[in-house]
Amino acid sequence: MAYPYRHDREVRVMSEAFGDPAARTLEGWKARGGYQGIARALEIGRAATVDEVKASGLRGRGGAGFPTGVKWSFMPREQNPGRPHYLLCNADESEPGTFKDREIIRWTPHQLVEGCLIGAYAIGAAHCYIYLRGEFFEATGVLAQALEEAYAAGLAGPDVLGSGVQIDLTLHVGAGAYICGEETGLMNSLEGRRGEPRIKPPFPAAAGAFGMPTTINNVETLAAVPGILRHGGEWYRQWGTEKSPGTKLFCVSGHVSRPGNYELPLGFPMMDLIEDVCGGIPGGKALKAVIPGGSSVPIMSADECESCELCYEGVAAAGSMLGCASVIVMDETADIVKQVRRMADFYAHESCGQCTPCREGTAWASRILRRIEEGRGKPDDLDTLLQISDQMTGTTICVLSDSLAAPIVSAIEKFRDEFLALIRRGERVGAA
Amino acid sequence: MPDNGRSPAGAATVTLTIDDREVTVPKGTSLLEAAALQGTALPHYCYHPGLSAPAQCRICLVEVEGAPKLQPSCVTMAQDGQVVKTDSPEALKMRKGVLEFYLVNHPLDCPICDMSGECKLQDYVFAEGREHGRGREPKRVFGRDDFGGDVLYYGDRCVMCTRCVRFMDEVARDSRLTVVERGSRAVIDTFFDEGLEGASFAGNVVDICPVGALVSKDFLHKARAWDLDSTPSVCPGCSQGCNIELHTRDNLVQRLKPRENAEVNGHWMCDFGRANYEGLNRGGRLEAPAAGRGAKRRPAGWDEALGQLFARLQAAAGADVKIVGSAEWSCEGLAALAAVGAETGEVSARVFRSRCAADEDRLPGFPALARRRDLAPNVDGARTLGFSRVGGEDAAGGLEEVAAHDGVLFVLGDDLADQEAAFGEAASLFVYMGAHGSEAAANADFVLPVTTFAEQEGTFVNVQQRVQRFWPGLRAPGEARPAWLVLGALLAALRGGEAAPASAAAAFSWLAGERAAFAGLSYEGLGAEGAPLAAPAGGNGAA
Ligand SMILES: Cc1cc2nc3c(=O)[nH]c(=O)nc-3n(C[C@H](O)[C@H](O)[C@H](O)COP(=O)(O)O)c2cc1C
Ligand code: SF4
Ligand code: SF4
Ligand code: SF4
């Protein structure tokens, strides 16, 4: 049976083995071509490994889309005495609407282990920490098992594949906090501190985990690397666009007939994803809005989705962001005010609380939105919300604050009538 | 005036423009500090010069030309050619916004808040905040928490700057406070039940809390900030000589606060010293001079008392003189006392007694500061002026020879609390000068009321051999006079009519002329921060 849903238009580079328990074991993974990437990396050397990833044009899948090879090249070439390098694998996946990293780990743990080995080798790190979201109980067991196998087979540890290169892999399970997915919040949490993002500079490549040069990459980013090493950067570019090469897992949720993870070449038309791949909106209802990249990005109206291509530049051109490609589809019955209020609740709950605009702004916005939702809004509430959002944008240490402002502002701009209708109804009720 | 040793010649500087004015600052200066040097005070909560800067309060944001967003001025370093605007429309708008956020959950309980009048939230909102709040939502309520020791926490007033947490982590190096929860539910709390109880520098968190979230139990609802007068002074608690302010109302010291001195105490003081002010408010003071032994004692005006005393001293010329001083009295007073003794006759004892603690208590993050073993402010001054310590660690005993002395006897500032009524019975002349009377002064021929350091100007020498000035914060009771004034007049008369010092400044310049250790120092030059004593010949001076 196909892993929950599959579609012919998918290009399953990373996800072919999803749903296939046999691929979870080291043996099963090797039978599917596993661990050839790390072997090639060790053969061609560090610099060439970085170059190969640069050539592929792979962009970070954690949300920001920063070119991975370029990020790796920020690390000091040589390790300075007493200053070990670290690779961190960000497996804290908690962006609402996102469920791709979990599936990579559940079904293809060795794909991630191999990606971590290659990444660590490329940046000269003898130690990689995999920071796993606390609620991922099943994934924790699967990944721990894979790590044990990798150690037993000499793939990880003091002498990777007999090359003399040491790469240790440590699984660190978080306690479940969205903010620990922000790269420097993750570092603090890993070090045993409060999960609070740090001010930059210094950037992680200069002083990251434990104050040492550090690179941090998302699970999907690292999982894409073994294929690139095995087949070459050019191979990866056969999919996607010039600026967004390769394939990407799209997590589709909401009002579609077949929600799920679909691996598609970047640049795939959004409407094809919704209508063809996901089987359209159930009950023949009309599309109202889409959040294309996880809850932190501006909401798109149905019109804006019409000709939108799902690649970094394509979604940007349509006024939003690809983010981590978590596509939340809402049909005409969706209550936008409620959706935005729920997002505000989430960000208010997850703000680490360091920065005043975020600590107070997220909580205040969520309370105003709830009041509007309950029919007790006032006409000037929308201006207040827009101003709060403005005051929350570009003023804080990390972008969690901006991440709530974006959906609020876009929702009010695009769906103002829905807010006003609630406010007016409330006023009428109040007057009666 | 103050030594300019902070920017050594040749140190690298950068020149930048802040609000259209050029300013040159040492390399490594933050924009916030550079703006302050140029006279622009930028608001800030989390930044404190004695702590790390987490750049989290977001209220010091400024516009830096070329930067895509506003920059936190506390962690953005000044660079050559930088153009900074602290008052651009964007910067003002964001500051106003941040201030509004602070008030979203604030209880606005200023009328019953101890910080009111010196609160940075009041100040900043008054200066730059919105006229009216827009909040319609119910406020989050935390209530009050006893942190232990002298510290109370009002969570609803907290601006989450984490200064208190960082003080305990970085300066006290005794991590007892932390932020618990996150988002707007974040609140400061203690790790364990004892909280700050027993931590010896925790009172500083009350000082650095920019709002009324941390308050002193001792000071709670005692006085309004605007009713307090503040006087620069030196803590009398130990020989560290922390620079402090006396906060007074109704001629009573209400509290002590540290006063910054980078060489001595940084921004800090210890809890022992902070709590140790009640002595300054002690009543039952000597208020008028008196003359005559035992039953014959009767009040005398200053002129009469000093006239008689002068005559007695002249008559006693060449006598054996013993002097008991005090490490709580100023250098000028002690020096004048020593000089009067020497003018009178042969000085065979010059002693003082003071309490000693068993251990030092050092502040790990500012190791120049320790609550010292000597629990008096002028032990080093007394020593420099030739007094030696006698008696036990409890400041008792050690006066057997003095008590039975049959020559001239001077006592200044020692209450003789442990001495018998027969003290000084055999003395040919016994002069007792103090703030409080004593049963052991029954045999005194003269009882002269003198002021405490809190009621007069003068100097102490601290453990670093640093001379530090203090100023009068309290009115002297009755006719009490500074010891230097009383003894200075006597000395001038004994020396055949040389001019008596009429001011503390004159007394100090007399001292600087008289004693090599003080040579080259000027009262003016000591300023509010003091200066090191001259190095003793052959030795190397303590810095
Ligand atoms: C509030 C916040 C939460 C984040 N959560 C995650 C996360 O759960 N997983 C993740 O990979 N990246 C997350 N990121 C992005 C990371 O900071 C970082 O950019 C990413 O891990 C870099 O990896 P990449 O270059 O491979 O994309 C988050 C960022 C922010 C601001
Ligand atoms: S923006 Fe919010 S989550 Fe990010 S560091 Fe500041 S308070 Fe924490
Ligand atoms: S209690 Fe005071 S010092 Fe501590 S975080 Fe709150 S406002 Fe800052
Ligand atoms: S260290 Fe000494 S001088 Fe400083 S505050 Fe404490 S008692 Fe006073």
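What you are looking at is a predicted structure, and each value in this text was computed from that prediction instead of being measured.

1. Some words on the overall build of chain A
Item 1. Across its full length, chain A holds 17 helices and 11 strands.
Item 2. Relative to the 2.2 N^0.38 estimate, which gives 22 Å for 432 residues, the radius of gyration of chain A is 22 Å and therefore close to what a compact globule would have.
Item 3. Out of the 432 residues in chain A, the part that is buried amounts to 62%.
Item 4. Accessible area of chain A: about 15700 Å², with a carbon and sulfur share of 51%.
Item 5. Positive and negative side-chain charges of chain A, numbering 43 and 54 respectively, have mean locations separated by a distance of 3 Å.

2. Here's the deal with the sheet that holds strand β1 (residues 13-18) of chain B
Residues and elements named next belong to chain B.
Item 1. With mixed pairing, 5 strands are arranged side by side in an open sheet as β2-β1-β5-β3-β4. Edge positions in the sheet fall to β2 (21-26) and β4 (71-72), since each has one partner strand and no second.
Item 2. In this sheet, β2 lies alongside β1 in antiparallel orientation, the contact comprising 6 bridges. The residue bridging Ile 18 from the neighbouring strand is Arg 21, located in β2.

3. Side note on empty space enclosed by the protein
Item 1. Under the defined criterion, the tally for this structure stands at 6 cavities of 30 Å³ or more.
Item 2. Estimated volume of the largest cavity: approximately 100 Å³.
Item 3. What lines the largest cavity is a set of 14 residues, and nearest its centre among them are Glu360(A), Arg140(B), Asp156(B), Cys158(B) and Val159(B).
Item 4. Looking at the lining of the largest cavity residue by residue, the classes come out as 6 nonpolar, 3 polar and 5 charged.

4. What to know about the sheet that holds strand β20 (residues 388-389) of chain B
All names here are of chain B.
Item 1. Strand order in the open sheet formed by 8 strands is β15-β14-β23-β22-β21-β16-β17-β20, and the pairing between neighbours is mixed. Either end of the sheet is taken by a strand with one partner, and the two such strands are β15 (298-299) and β20.
Item 2. Where strand β14 (residues 290-291) lies against β15, 2 bridges are found, and the strand directions are antiparallel. Note that in β15 the partner of Ala 291 across the bridge is Arg 298.
Item 3. Running at roughly 135° to strand β23 (residues 446-449), helix α7 (residues 302-315) makes contact with β14, β15, β21 (408-412), β22 (429-434) and β23 of the sheet.

5. Remarks on the environment of Asp303(A)
Item 1. Mapped onto the secondary structure, Asp303(A) falls in helix α12 (residues 302-305).
Item 2. With 15 residues separating them along the chain, Asp303(A) and Ala318(A) place their C-alpha atoms 9.7 Å apart.

6. Description of the domain arrangement of chain A
Residue and element names in this part refer to chain A.
Item 1. Per the domain assignment, the segments of chain A are domain 1 (21-236), domain 2 (247-331) and domain 3 (336-431).
Item 2. The straight-line distance from the C-alpha centre of domain 2 to that of domain 3 is 23 Å.
Item 3. Across the boundary between the two partners, domain 2 contributes 12 residues, which contact 13 residues of domain 3.
Item 4. Carbon and sulfur atoms supply 65% of the area buried between domain 2 and domain 3, which totals about 960 Å² over both sides.
Item 5. Counting across the domain 2 and domain 3 interface gives 6 residue pairs in polar contact (both at pLDDT 80 or more).
Item 6. Secondary-structure elements contributing two or more residues to the side of domain 2 that touches domain 3 are β8 (287-291) and β9 (300-301).
Item 7. The dominant element in the side of domain 2 that touches domain 3, judged by the number of residues it contributes, is β8, at 3 residues.

7. Focus on the domain arrangement of chain B
Item 1. Domain annotation for chain B reports domain 1 (13-87), domain 2 (105-123 + 133-227) and domain 3 (290-457 + 475-502).
Item 2. Domain 1 of chain B and domain 3 of chain B are separated by 53 Å when their C-alpha centres are compared.

8. Regarding the interface of chain A and chain B
Item 1. Opposite the 36 residues of chain A that make contact, chain B presents 34 residues.
Item 2. Of the roughly 3000 Å² buried between chain A and chain B, counting both surfaces, carbon and sulfur atoms make up 51%.
Item 3. For the chain A face of the interface with chain B, the top three residues by lost area are Trp364(A), Arg367(A) and Gln391(A), together amounting to 21%.
Item 4. On the surface where chain A and chain B come into contact, there are 5 salt bridges.
Item 5. For Asp381(A), the salt bridge identified is with Arg136(B), shortest N-O distance 2.8 Å.
Item 6. If you look at where chain A meets chain B, you find 22 residue pairs in polar contact (both at pLDDT 80 or more).
Item 7. Listing elements by their share of the side of chain A that touches chain B, those giving two or more residues are α14 (336-350), α15 (356-373) and α16 (381-391) of chain A.

9. Side note on the site of ligand 3
Item 1. Of all residues adjacent to ligand 3, which total 14 residues, the nearest are Cys158(B), Cys161(B), Thr162(B), Cys164(B) and Cys209(B).
Item 2. For the shell around ligand 3, the residue count by class is 12 nonpolar, 1 polar and 1 charged.

10. Some words on the packing of helix α3 (residues 46-56) of chain A against helix α9 (residues 219-231) of chain A
Relative orientation and spacing of two packed helices are given, respectively, by the angle between their axes and the distance between those axes.
All names here are of chain A.
Item 1. Put simply, α3 and α9 touch, their axes get as near as 10 Å, and they point 105° apart. Taken together, the axes of α3 and α9 are roughly perpendicular relative to one another. When α3 is examined against α9, the residues Thr 49, Glu 52, Val 53 and Ser 56 are found in contact with a partner set consisting of Val 225, Ile 228 and Leu 229.
Item 2. For the contact of α3 with α9, a count of residues per class yields 4 nonpolar, 2 polar and 1 charged.

11. A look at the environment of Arg389(B)
Residue and element names in this part refer to chain B.
Item 1. By the element assignment, Arg 389 lies in strand β20.
Item 2. Beyond its immediate sequence surroundings of up to four residues, Arg 389 is in contact with Phe 352, Ser 354, Cys 356, Asp 374 and Arg 383.
Item 3. In terms of polar contacts, Arg 389 uses its side chain to reach the backbone carbonyl oxygen of Ser 354, at 2.8 Å.
Item 4. Separated by 3.3 Å, the side chain of Arg 389 and the backbone oxygen of Gly 392 make a polar contact.

Conventions we followed
- Residues numbered from 1 in each chain as written.
- Chains lettered and ligands numbered in written order.
- Predicted model: local features only at pLDDT ≥ 70, side-chain atom pairs only at ≥ 80, totals over all residues.
- Heavy atoms only, no water.
- Helix = DSSP H or I, 4+ residues; strand = E, 2+ residues; numbered from the N terminus.
- Rg over C-alpha atoms; globule rule 2.2 N^0.38 Å.
- Buried < 20%, exposed > 50% of the residue type's maximum accessible area, 1.4 Å probe, protein only.
- Areas by Shrake-Rupley, 256 points an atom, 1.4 Å probe, with all protein chains shown as cover.
- Lys, Arg positive; Asp, Glu negative; His and termini not counted.
- Charge placed at Lys NZ, Arg CZ, Asp CG, Glu CD.
- Pairing = 2+ DSSP bridges.
- 1 Å grid on protein atoms, 1.4 Å probe; cavity = no way out; pocket = protein on both sides within 12 Å on 5 of 7 lines; lining within 4 Å.
- Points joined across faces, edges and corners; volume = space filled by probe spheres on them.
- Nonpolar A, V, L, I, M, F, W, Y, C, P; charged D, E, K, R; others polar.
- Contact = heavy atoms within 4.5 Å.
- Axes fitted to C-alpha atoms, helices over the stretch in contact; angles between N-to-C directions.
- Domains from an automatic or database assignment.
- Buried area = accessible area lost by both parts, 1.4 Å probe.
- Polar contact = N/O pair within 3.5 Å; in protein donor to acceptor, adjacent residues only side chain to side chain.
- Salt bridge = Lys/Arg side-chain N within 4 Å of Asp/Glu carboxyl O.
- Near = heavy atom within 4 Å.
- Parallel < 35°, antiparallel > 145°, perpendicular 65-115°, else oblique.

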